[in-house]
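Examination of the molecular architecture
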Amino acid sequence: MKSVDVTIDGQIYVAKEGTLLIDLLIKHDLKVPYFCYHEALGADGNCRMCMVEIEGQKRPQIACDTLIKEGMNIHTKGEMIDSVHLDVLELELINHPVDCPVCDQAGECKLQDYYMEYGLHDSYISKDEKVKHQKHIDLGSNVILDQERCVLCARCTRFTSDITKTHELGIIGRGDHARVSTMPNRKLSNPYAMNVIDLCPVGAMTSRDFRFKQRVWFLTSTPSICQGCARGCSIYIDHNRPKNQDEKIYRFRPRRCDDVNGHFICDVGRLSYKGLQEGRLRVAYLKEQESDIDRAIESYREIVDSSKGSTILLLADANLYLEELERIVEYAQSIGASVATPIKSYIDEEFGDEWLRSSMRASNAKAIEKLGITTELPKGDISLLISFNHPDADRIRADRVISLQTHLDIVDRYDVTLPLATYVESSGTLINIDGIEQYSPKVITPNDPIPTVVEWIDRVEGGAI
Amino acid sequence: MSPDIVDKIEELKSKYPSPRALVLPSLWMIQYEDGYISLDAIDEISELIDTPPMEIYRVATFYTMFNLEPVGRYHIQICKTLSCSLRGKSEVLKRVAEMLDIGVGETTSDGKYTLSQVECLGSCGTAPVMQINDIYHENLTPEKAEEIVDSLEKESI
Amino acid sequence: MRECRIVSKRFDTPNSHTLKVAKELGAYSAIDIAFGMTPVEIIEIIKESGLRGKGGGGAPAGAKWELMPQDQKRPSYLVVNCDESEPGTFKDRQIISKDPHLLIEGIIITCYAIRAKDAYIYVRGEYYQFQKILQDAIDEAYEAGILGSGVDITIHRGAGAYICGEKSALLESLEGKRGHPRLKPKQKEPEWYFGNPTLVNNVETIASVPYIIEHGASGYREFGTPKSPGTLLFAMSGHVERAGVYEAEFGTPMMEYIDHYGGGILGGKKLKAVIPGGASTAILTADEVKLATLDYEHMRSIGSALGTGGMIVMDEDTDMVEALKNLLEFYHHESCGQCTPCREGTGWSDTILDRVLSGRGSSKDIDKLLDLANIMDGKTICVFAPAVAIVIRSFIGKFRSEFEAKVAK
């Protein structure tokens, strides 16, 4: 495909001949309104919003169906095309319910955005005359459908027919009684179902999990990496700190990454934010007794000192960051311990699929491999086991066990239990199943911060309390 | 689904480049057999013609002649478009509705008659026209329409 | 005005739909002539004859045939459009019920010319009783060996959707999907059926082919006008004495046609308006009708279209606002719903006219209707919405006073 020059609003751009005009407009951040086009789903040509004026063509053309040709002269702004945008937008809004005050999409809604950009007109219609459909239909899989808000862009239906190929959703009926639906009494049920929520440009598809929880303009979006499995899909973490409360995460959203997950994430990963906040360990324990941190560290040092010379094994969780794993290896060397990451507990063959879900549920198994940490439990008796959040900690026989863990699970049989920061409260490098290295920043700073692996090791080694 | 239909569908497969084309013919066969199109029937067709049930369901809801709910034994469809309207459709509709004591879109309590209005039947030269099941009744007057419905009553006894 | 019997030659003969009677009256005599020529030669003759598509568009048929590939990389198909749902149009049903063998003959010749082995006849679902006659004729032709060794014909029944008369929507329906029109290609290419090159033609277009093969392009051109050669099965309905289908040559003066074949206005009343070519054409006032000739060029020059030639005649007592409402309801019901301007615009224009008719309207509403017409025009996937725009504009443009009267307080 040869590169050609085209003119858009008076400026020259280089593009590959035969590619879609709308891709060029999006690439260069040139404002063009659209609902039905999506890079992952292709063009459908039904919303008619992306119209542009092309010199030499009598009528405006939709950019999603226009191929780049040498010398094309395109206008995305101007009296004529502005009025076209307003006209089509007016018709999109004509049957749209006045739901903004109760709609979760407010603040990230394309109709709102386009109205402010291209509309700002008065409604011609009284709400009694609008076409009525069903609202708040529970489709299953945490998705709620509001048929009235729908602009029939067919993104959600194309997702279930072309991407997941599960065909739960379709547009039924005809004319202005056309609506998105499942077959009667059937549910949306595939492992990627909740992606339709992000695909939907308006508030027709919303998340039951997020429903009425927070207004999006109060949220901060931080890029991160999901740690539900070894795929390492890119996500946005939406969080804030409500007044007089601790910082909290409201939801994960997919973040585009062409090398790993494209535009989508799986539902399990999407909802895994809950696990980061529920059932957290926030205090130290000595056996079944709650303890203050200083006493716990004292006890920790005593146990390590008295174990020097005998078999000390450090268990490293395969979800820890590369830098944290490196620190554990270094620490092991300094106290004469060995490191292992028994890997079997992380494998779930049922979970893995042909798309994003990997049967390796540990996010950093590749880093374990890279650092040469053994994935088998070494044979022989163990005097001291120090587990850094490894899932097998409670199943391995040792004379004494110290556990650093994020969650509240079994504590009373460990000699020392220390609370550990989750991956959103820490930062570092992940290596995914295909060997791609990705950096995950710190997202959450709790009111009472909990130490990370590196901070704990520095502290127990440091002498000072 | 009767084995006849299954056979017919298999036979038709050789006439089209893809079994997917058999959606409409299959739905028609189901409707003639059951009187309407049920979800179970759609699931059965789906297996036979290798097409997801939702794709068949969407088609069934698009076309006006497919009934997704049972209709009366005699489906009286009166054309309401311009030519029939200009030649007295309203009076014919009124008479039929009065006779059967139902409104448009309703079915008589004995399940015998459903009354609908439909768009242009392609019989404008002999307007006003109504279609009862598969047959057109043309050049109607209120009296003629009454006669026709009467004869249906007698037939069904 | 002379009688023309290009496609309606056998219509009035009893049992003309049977093979026996049809053959006695000359059916299938053009087949041998056609097989004596090459496919390319046949396409040339069709082009020379000036045959224009009779489904409402009037595009030159030969040019469409030429787009079909003559190499056989993929199988080619012929699809005959008998979805005939345009209000005021009821001509194709005459062919399939009164002279189905003429259509079969036309199909065989056309398939030969475009090198297709399979033809589908898409018949609208409501025409079942006529479809049966057509199917019987096809069965007869198979039995007699006329079909089966070169061409196979399958009838595909529609199920009640006007939009399936649009050729790309028809193909979607024939593929087993909803009748959603397709986005139009930027360059000239054939239609596609499951990815195979396909020719879609109206019933009457194909039924005209045997005559052209038998009498040559010049034989066809003896009728009609230079730019609109041949004949059309024009029709009349509404307020005429003898509504029906009567074949006539292009160029026939409209008023003469209505008087001669139609017997003038019903009950001797005065003519008020005629919609000339099926509902989707601009309505004509009585004055315009009196000056009009039934050909594509004249209709175009006065801002209307010949369409399917189905004239809907309205007398002096017709309420034009009610008439427009009737048509807007039709379009509202029949919009496929795929693209925004049409889906919402057809619903809205119907609702606004409701306001006007129920006395809740104002002059602003009439202007809004014209506004909607503009929004629906030129921005949609197919020509359904532009047709609605034409209807709204012509009705309000030519009969505005009646609309104003409804909103005057």
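Each chain has its residues counted from 1, following the order in which its sequence is written. Chain letters and ligand numbers both follow the written order, the letters beginning at A and the numbers at 1. Predicted model: local features are reported for residues with pLDDT of at least 70 only, side-chain atom pairs are reported and counted for 80 or more only, and whole-chain, interface and lining totals are derived from all residues.

1. Some details on the overall build of chain A
- Numbering of helices and strands starts at the N terminus; helices are DSSP runs of H or I of at least 4 residues and strands are runs of E of at least 2. In terms of regular secondary structure, chain A is built from 10 helices and 22 strands.
- In terms of principal-axis extent, the alpha carbons of chain A reach across some 85 × 55 × 40 Å.
- Taking contacts inside chain A between residues at least 6 apart in sequence as the whole, the part at least 24 apart equals 64%. A residue pair is marked as a contact if its C-beta atoms, positioned from the backbone, fall within 7 Å.

2. Considerations on the sheet that holds strand 6 (residues 137-140) of chain A
Residues and elements named next belong to chain A.
- Spatially, 6-7-10 is the arrangement adopted by the 3 strands of the open sheet, whose pairing is antiparallel. Across the chains shown, the open sheet's two edge strands, defined by having one partner strand only, are strand 6 and strand 10 (205-207). Taking the axes of each pair of neighbouring strands and ignoring which way they run, one obtains an average angle of 35° across the sheet.
- Whether two strands pair depends on DSSP finding at least two bridges between them. Relative to strand 7 (residues 143-145), strand 6 is paired through 3 bridges, and the arrangement is antiparallel. Along strand 7, the bridge assignment pairs Asp138 with Ile144. Throughout, an axis means a line fitted to C-alpha atoms (over the contacting stretch in the case of helices), and angles, computed between N-to-C directions, take values from 0 to 180 degrees.

3. So, the domain arrangement of chain C
Residues and elements named next belong to chain C.
- Domain extents, as shown, originate in an automatic or database domain assignment. On domain assignment, one finds that chain C holds domain 1 (19-221), domain 2 (231-315) and domain 3 (320-407).
- Taking only C-alpha atoms, the centre of domain 1 and the centre of domain 3 are 34 Å apart.
- Contacts between the two partners involve 9 residues from domain 1 and, on the opposite side, 7 residues from domain 3.
- The residue makeup of the side of domain 1 that touches domain 3, split by class, is 6 nonpolar, 2 polar and 1 charged. Note on residue classes: Ala, Val, Leu, Ile, Met, Phe, Trp, Tyr, Cys and Pro are nonpolar, Asp, Glu, Lys and Arg are charged, and everything else, Gly too, is polar.

4. What to know about the domain arrangement of chain A
- Looking at the assigned domains, one finds that chain A contains domain 1 (3-92), domain 2 (95-123 + 133-207), domain 3 (225-276) and domain 4 (284-462).
- Centre-to-centre, using C-alpha coordinates, domain 2 of chain A lies 43 Å away from domain 4 of chain A.

5. Notes on the packing of helix 2 (residues 79-94) of chain A against helix 15 (residues 340-357) of chain C
- Where helix 2 of chain A contacts helix 15 of chain C, the axes come no closer than 9 Å and their chain directions differ by 60°. The orientation of helix 2 of chain A with respect to helix 15 of chain C, classified from their angle, is oblique. In the packing of helix 2 of chain A onto helix 15 of chain C, the handedness of the crossing is left-handed. On the side of helix 2 of chain A, the interface is formed by Val88(A), Leu91(A), Glu92(A) and Ile94(A), while helix 15 of chain C contributes Thr340(C), Pro341(C), Glu344(C), Gly345(C) and Trp348(C).
- Partitioned by chemical class, the residues of the contact of helix 2 of chain A with helix 15 of chain C number 5 nonpolar, 2 polar and 2 charged. Orientation is classified from the angle alone, with under 35 degrees giving roughly parallel, over 145 giving roughly antiparallel, 65 to 115 giving roughly perpendicular, and any other angle giving oblique. Handedness of a crossing follows from how the near helix is turned relative to the far one, being left-handed for an anticlockwise turn of less than a right angle and right-handed for a clockwise one.

6. Things to note about the interface of chain B and chain C
- Facing 34 residues of chain B, the contacting portion of chain C comprises 47 residues.
- Among the secondary structure elements, those contributing two or more residues to the side of chain B that touches chain C are helix 2 (23-34), helix 4 (53-62), helix 5 (82-86) and strand 4 (135-137) of chain B.
- Per-element tally for the side of chain B that touches chain C: the top contributor is helix 5 of chain B, with 4 residues.
- Residue composition of the side of chain B that touches chain C, grouped by class: 19 nonpolar, 10 polar and 5 charged.

7. A few points about helix 8 (residues 167-174) of chain C
- Among the 8 residues in helix 8 of chain C, 8 count as buried, and that is most of the element.
- With C-beta atoms placed from the backbone, a residue is labelled by how many other C-beta atoms lie within 10 Å of its own: buried for 20 or more, exposed for 12 or fewer, partly exposed between the two. Taken together, the buried positions of helix 8 of chain C are occupied by Lys167(C), Ser168(C), Ala169(C), Leu170(C), Leu171(C), Glu172(C), Ser173(C) and Leu174(C).
- Buried residues belonging to helix 8 of chain C abut helix 2 of chain B together with strand 1 (76-82), strand 2 (116-123), strand 3 (152-157), strand 4 (191-193) and strand 5 (196-202) of chain C.
- A positive backbone phi angle near 90° is found at Gly176(C), which sits one or two residues after helix 8 of chain C.

8. A short note on the nonpolar core
- If you look at the biggest cluster of nonpolar residues, it comprises 309 residues, and the most contacted ones within it are Val79(C) and Ile107(C).
- Ranked by the residues each element gives to this core, the list is headed by helix 17 (residues 384-407) of chain C, at 12 residues. A set of buried Ala, Val, Leu, Ile, Met, Phe, Trp, Tyr and Cys residues, joined through C-beta atoms within 7 Å, is what we mean by a nonpolar core.

9. Concerning the sheet that holds strand 1 (residues 74-79) of chain B
Residues and elements named next belong to chain B.
- In spatial order, the strands read 2-1-3-4; together these 4 strands make up an open sheet with mixed pairing. Both edges of this open sheet fall to strand 2 (113-118) and strand 4, since each of them pairs with a single strand only. Shown here is a sheet whose adjacent strand axes are inclined to one another by a mean of 25°, direction ignored.
- In the sheet, strand 1 pairs with strand 2 via 6 bridges, with the strands oriented parallel. The residue bridging Ile78 from the neighbouring strand is Gln117, located in strand 2.
- On top of the sheet, helix 6 (residues 89-100) reaches strand 1 and strand 2; it is set at about 155° to strand 1, its chief contact.

10. Let's talk about the interface of chain A and chain B
- Counting residues at the interface gives 9 residues for chain A and 9 residues for chain B.
- The residue makeup of the side of chain A that touches chain B, split by class, is 4 nonpolar, 3 polar and 2 charged.

11. Focus: the packing of helix 16 (residues 363-376) of chain C against helix 17 of chain C
Residues and elements named next belong to chain C.
- Interhelical geometry of helix 16 versus helix 17 gives an angle of 170° and a closest axis separation of 8 Å. Looking at the two axes, helix 16 sits roughly antiparallel to helix 17. Contact with helix 16, carried on its side by Ser363, Asp365, Ile366, Leu369, Leu370, Ala373 and Met376, involves Ala385, Pro386, Val388, Ala389, Ile392, Arg393, Ile396, Phe403, Glu404 and Val407 of helix 17 and no other residues of that element.

12. Points about unusual backbone geometry
- Note the cis peptide between Ala127(B) and Pro128(B), where omega equals -5°.
- Tracing the backbone through its elements, the reader meets Pro128(B) in the loop between strand 2 and strand 3 (130-132).
- In this structure, His136(A) is a non-glycine residue whose phi angle is positive, near 35°.
- Judged by the 11 C-beta atoms lying within 10 Å of it, His136(A) falls in the exposed class.
- Look at Ser141(A): it is not a glycine, yet its phi comes out positive at around 55°.
- Structurally, the position occupied by Ser141(A) is in the loop between strand 6 and strand 7.

13. Considering the environment of Ile386(A)
Residues and elements named next belong to chain A.
- Locating Ile386 in the fold gives a position in strand 18 (residues 384-388).
- Since 31 C-beta atoms lie within 10 Å of it, Ile386 is described here as buried.
- Ile386 sits 46 residues away from Asn432 along the chain, and the two C-alpha atoms are 26 Å apart.

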